[in-house]
Amino acid sequence: MSGPELAVSFSLLLLSEMRLPKQDKNEEIKMVRGKVEMKRIENSTSRQVTFSKRRNGLMKKAYELSVLCDAEVALIIFSPKGRLYEFSSSNMQKTIERYRELAKETATVDENIGLKHHIEHLKHETAKMAKKIEILEASKRKMMGQGLGSCSMDELQEIDNKLERSLRNIKARKVQLFNDEIERLEARERLLLEQNASLREKCGHRPTLLALASVAVPAPPPTPPAQVKEMGNCSQSTQSWEVETELSMGLPEMRCS
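Note that the structure is predicted; figures quoted are calculated from it, not measured.

**What to know about the layout of surface pockets**
Phase 1: Taken as a whole, the largest pocket spans an internal volume of roughly 160 Å³.
Phase 2: Contributing to the lining of the largest pocket are Val36, Glu37, Met38, Lys39, Arg40, Ile41, Arg47, Thr50, Phe51 and Arg54.
Phase 3: The residue inventory of the lining of the largest pocket, partitioned by class, reads 4 nonpolar, 1 polar and 5 charged.

Here it is, written out as structure tokens:
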């Protein structure tokens, strides 16, 4: 490079340094590493600008990934207004079909694994329930007085205590039922007495059966002697067909002949 050309280039460098103010290195690092708060951008213009920049950057990264790593990449983006943006390193439909097949296989595998875990859980619960049933049946047999040959003194004492508690509970329940029945019958008795008193009040002004029975009834006219003799003959003829019956009350050993 000749001397005049070197002077011109040096002067241009000086002018560029004079026009561009020097920035502190720490400030530059802060600007590069600034964090963006992850929330919706309220300003519609800023939101659209950010969407365009990041969409282009995402598609650029997808393209670089497909080229550098020889990967099959498919990218689908819908804008807030519903506009479609897509990128595919090969064929979008084939990629989608491949994704669906693999997703179906993965879902089937996950379902089989979940079903297997569920079956194992059911088997475990069944074994636990069978063990509990066996213990309960053994306890029931011991409470019934069966299979006591293998019981120790402490186990027999425990069974005895359980039986005593059960007997006390049974007696207490029986007494409670008797008391409840007595209270019910007493309430029924009071209700019947009240109804009887009410009926007596209603029937107080009506003639009773005793009063009607005390009224004198005229005697029938005397029967002629011929009719009396005929009636006697009829009674004698039917006497042989009558069967003597006797009604007695009381226990059989107290019956009087």
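Additional details are given in the paragraphs that follow.
**Remarks on the side chain of Arg55**
Phase 1: Relative to the elements of secondary structure, Arg55 occurs in helix α3 (residues 44-69).
Phase 2: Buried charge without a partner: Arg55 forms no salt bridge, and the closest opposite charge is Glu86, 13 Å away.
Phase 3: What Arg55 contacts, discounting residues up to four positions off in sequence, is Ile77 and Tyr85.

**As for the pattern of salt bridges**
Side chains that differ in charge, positive against negative, can pair when their charged atoms come close.
Phase 1: Tallying each qualifying case throughout the model produces 5 salt bridges.
Phase 2: Where Arg98 meets Glu72, a salt bridge forms, and the shortest distance between an N and an O atom there is 2.4 Å. In this pair, Arg98 sits in helix α4 (residues 92-143) while Glu72 sits in the loop between α3 and β1 (74-78), placing the two residues 26 residues apart along the sequence.
Phase 3: With relative accessibility at 37%, the residue Glu72 sits in the partly exposed group.

**Details of the packing of aromatic side chains**
Phase 1: Summed over all chains, the structure comprises 2 aromatic pairs.
Phase 2: The interplanar angle of 80° and the centroid separation of 6.4 Å between the aromatic rings of Tyr63 and Phe87 together place this pair among those described as edge-to-face. Taken as a pair, Tyr63 in helix α3 and Phe87 in strand β2 (residues 84-88) lie far apart in primary sequence, 24 residues in all.
Phase 3: Across from the ring centre of Tyr85, 4.2 Å away, lies the NZ or CZ of Arg55, which sits over that ring.

**Things to note about a negative patch on the surface**
Phase 1: A contiguous patch of negative charge on the surface is contributed by Asp180, Glu183, Glu186 and Glu189.
Phase 2: Mapped onto the elements, Glu183 comes out in helix α5 (residues 153-202).
Phase 3: A relative accessible area of 51% means that Glu183 is categorised as exposed.

**Notes on a nonpolar patch on the surface**
Phase 1: Residues Tyr63, Val67 and Leu68 make up a contiguous nonpolar surface patch of about 360 Å² in total accessible area.
Phase 2: For Val67, the position within the fold is in helix α3.

**Structural notes on the pairing of β1**
Phase 1: Only one face of β1 is covered, namely the face carrying Leu75 and Ile77; the face carrying Ala74, Ile76 and Phe78 is uncovered.
Phase 2: Pairing between β1 and β2: 5 bridges, direction antiparallel. If you follow Phe78 over to β2, its bridge partner there is Leu84.
Phase 3: Linkage of β1 to β2, two consecutive antiparallel strands, is achieved through a turn of 5 residues, within which Gly82 is found at a positive phi near 95°.

**Some thoughts on the environment of Ala74**
Phase 1: If you trace the backbone, Ala74 turns up in strand β1.
Phase 2: In this structure Ala74 comes out as partly exposed when scored by relative accessible area, which is 38%.
Phase 3: Taking the C-alpha atoms as reference, Ala74 lies 9.6 Å from Gln93; in sequence the two are 19 residues apart.
Phase 4: Excluding residues that lie within four positions of it along the chain, Ala74 makes contacts with Phe87, Ser88, Met92 and Thr95.

**Brief notes about the side chain of Ser66**
Phase 1: Note on placement: Ser66 falls in helix α3.
Phase 2: According to the relative accessible area criterion, Ser66 is buried, its value standing at 10%.
Phase 3: A polar contact of 2.7 Å, which involves the side chain of Ser66, links it to the backbone oxygen of Tyr63.
Phase 4: Among residues more than four places away in sequence, those in contact with Ser66 are Ala71, Val73, Phe87 and Ser89.

What counts and what doesn't
Residues numbered from 1 in each chain as written. Predicted model: local features only at pLDDT ≥ 70, side-chain atom pairs only at ≥ 80, totals over all residues. Heavy atoms only, no water. 1 Å grid on protein atoms, 1.4 Å probe; cavity = no way out; pocket = protein on both sides within 12 Å on 5 of 7 lines; lining within 4 Å. Points joined across faces, edges and corners; volume = space filled by probe spheres on them. Nonpolar A, V, L, I, M, F, W, Y, C, P; charged D, E, K, R; others polar. Helix = DSSP H or I, 4+ residues; strand = E, 2+ residues; numbered from the N terminus. Buried < 20%, exposed > 50% of the residue type's maximum accessible area, 1.4 Å probe, protein only. Lys, Arg positive; Asp, Glu negative; His and termini not counted. Salt bridge = Lys/Arg side-chain N within 4 Å of Asp/Glu carboxyl O. Contact = heavy atoms within 4.5 Å. Phe/Tyr/Trp six-rings, centres within 6.5 Å; stacked < 30°, edge-to-face > 60°. Lys NZ or Arg CZ within 6 Å of the ring centre and 35° of its normal. Patch = residues over 30% accessible without salt bridge, like charges linked within 9 Å, V, L, I, M, F, W, Y side chains within 5 Å. Areas by Shrake-Rupley, 256 points an atom, 1.4 Å probe, with all protein chains shown as cover. Charge placed at Lys NZ, Arg CZ, Asp CG, Glu CD. Pairing = 2+ DSSP bridges. Polar contact = N/O pair within 3.5 Å; in protein donor to acceptor, adjacent residues only side chain to side chain.

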